[in-house]
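Structure assessment
The residues making up each chain are set out below.
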Amino acid sequence: LVIYDKMGEQGAFAPPNLADHDAALLRDADVVFTGGVSLQAAARLHRSDAHCFPSSIDAPHFAPARGQGLADPESQRMIAHPRLGYDGVIDERMDLVPVAEVAALRPDWQFVMIGPTANIDPASLPQVSNIHWLGPRPYAELPAYMAHWDLAWMPFARNEATRHMSPTNTPEFLAAGLPVISTPIADVISSYGRLGLVEIAMDAPDVVVCAKQMLSMAADPVQHRRRLAAVDAHLAGDSWDATWAAMRGLIAAAAQTTPLPARQQAERSPAHV
C-alpha cells in the first residue's frame, strides 16, 4: 500500500512543484491520513476520503499533574505565582510580540517557557525578569512542571506555519488539569474553543482579561470540578493506542480492496515459482 500521513500544508515558501507532488500523492495513495481538521479540509480538495487523526493524548502520563504528589522541579521552584506556562518547540510558530506585551502588562505574573529553540534567533526571545526560558525538558518531567503552573498559554502566531496546525500540547495541558488560553488557531477553535475547553484570546489585552477570569474560576472548587469533568468527557477514549488501532483498521481494509502491483502479482503466480 501507499499510505500518505499528511502533517502539513504547502506554504508560500515550499520548494517549486511541491504542491503538485502533494496533490498527486493525495490522488494516488491507497490511504490518506491528516493531522487535523483543517488539513483534512485541504486534502479533500483532491481526496474525498482523507481520514482525520489530530493530536491524541497519553492521559495517564499527564494525570499526576492534577494531584499534590509531584515536587516542583528545581529549575522553576524559585519562580513566583501565578505562573503561565508553555511547553513546546519555540520557533516561527510562536508570536513573541504578545508574550513580551503580556509580560509588560502584568509584571506580577510569571511566564514559564519550556522547549527547544528552532528556526529563530535565540537572541530574539524577550528577556525580562518575569519571562523564564527554561529550555527543553524530558517528556517524563513535563507533568511535574505543569503540576505547579496556574494556567497554560499557547501564544501561537497567525501565519502560514500555523494555519493548519493541530497542537499536541493542547490535549496535554488539558489532561494535566490546566486552564488553557490560545491564540485563534483554527483547529484549536474547532476542537476545543467552541466546546468551552480552551479560551481564545486575540491579543495581549485579551489574554490578560481571560487569564484574570480563569485564575478566579480555578480558585472556585465547584467551577474547577465542572471544568475538569468537561475536559475528561472530551478526552475519554482518546489515546495514541486508540488512534493507531483506528489507523491500522483503515490500512487493513485498504489492503483487502487494493489490487497488488503487477510485479507482486507476477512474484506470486505459479509460473514465476
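Everything in this summary refers to the structure shown in the same document. What you see is a predicted model; the values in this text were computed from it and never measured.

Quick word on the sheet that holds strand β4 (residues 83-87)
- The parallel open sheet is built from six strands, whose spatial order is β6-β5-β4-β7-β8-β9. Single-partner strands in this sheet number two, and they are β6 (131-135) and β9 (199-200).
- Relative to strand β5 (residues 110-114), β4 runs parallel, the two sharing five bridges. Bridge pairing in β5 links glycine 85 to valine 112.
- Sheet strands touched by helix α4 (residues 96-105): β5, β6 and β7 (151-154). Its angle to β6, the strand with the most contacts, is close to 135°.
- The sheet strands contacting helix α8 (residues 204-218) are β4, β7, β8 (180-182) and β9, and the helix crosses β8 at an angle near 170°.

What about the sheet that holds strand β3 (residues 51-52)?
- With respect to topology, three strands assemble into an open sheet ordered β1-β2-β3, the strand pairing being parallel. One side of each edge strand has no neighbouring strand; the edge strands of this open sheet are β1 (3-6) and β3.
- Note that β1 and strand β2 (residues 31-34) share four bridges and pair parallel. Residue pairing for β2: aspartate 5 is matched across the bridge by phenylalanine 33.
- Helix α1 (residues 18-28) rests against β1 and β2 of the sheet, and its axis sits at about 130° to β1.
- The sheet strands contacting helix α10 (residues 240-257) are β1, β2 and β3, and the helix crosses β2 at an angle near 160°.

Describing the pattern of salt bridges
- Here the structure, examined in full by the defined rule, presents seven salt bridges.
- Its salt-bridge partner being aspartate 49, residue arginine 47 comes within 2.4 Å of it at the nearest N-O pair.
- For aspartate 49, a relative accessible area of 36% translates into the label partly exposed.
- Between arginine 93 and aspartate 91 there is a salt bridge, and its shortest N-O distance comes to 2.9 Å.
- On the basis of relative accessibility, which here comes to 26%, the residue arginine 93 falls in the partly exposed class.

Cut-offs and rules
Residues numbered from 1 in each chain as written. Predicted model: local features only at pLDDT ≥ 70, side-chain atom pairs only at ≥ 80, totals over all residues. Heavy atoms only, no water. Pairing = 2+ DSSP bridges. Helix = DSSP H or I, 4+ residues; strand = E, 2+ residues; numbered from the N terminus. Contact = heavy atoms within 4.5 Å. Axes fitted to C-alpha atoms, helices over the stretch in contact; angles between N-to-C directions. Salt bridge = Lys/Arg side-chain N within 4 Å of Asp/Glu carboxyl O. Buried < 20%, exposed > 50% of the residue type's maximum accessible area, 1.4 Å probe, protein only.

Keep in mind that these numbers describe shape and distance, not what the molecule does.
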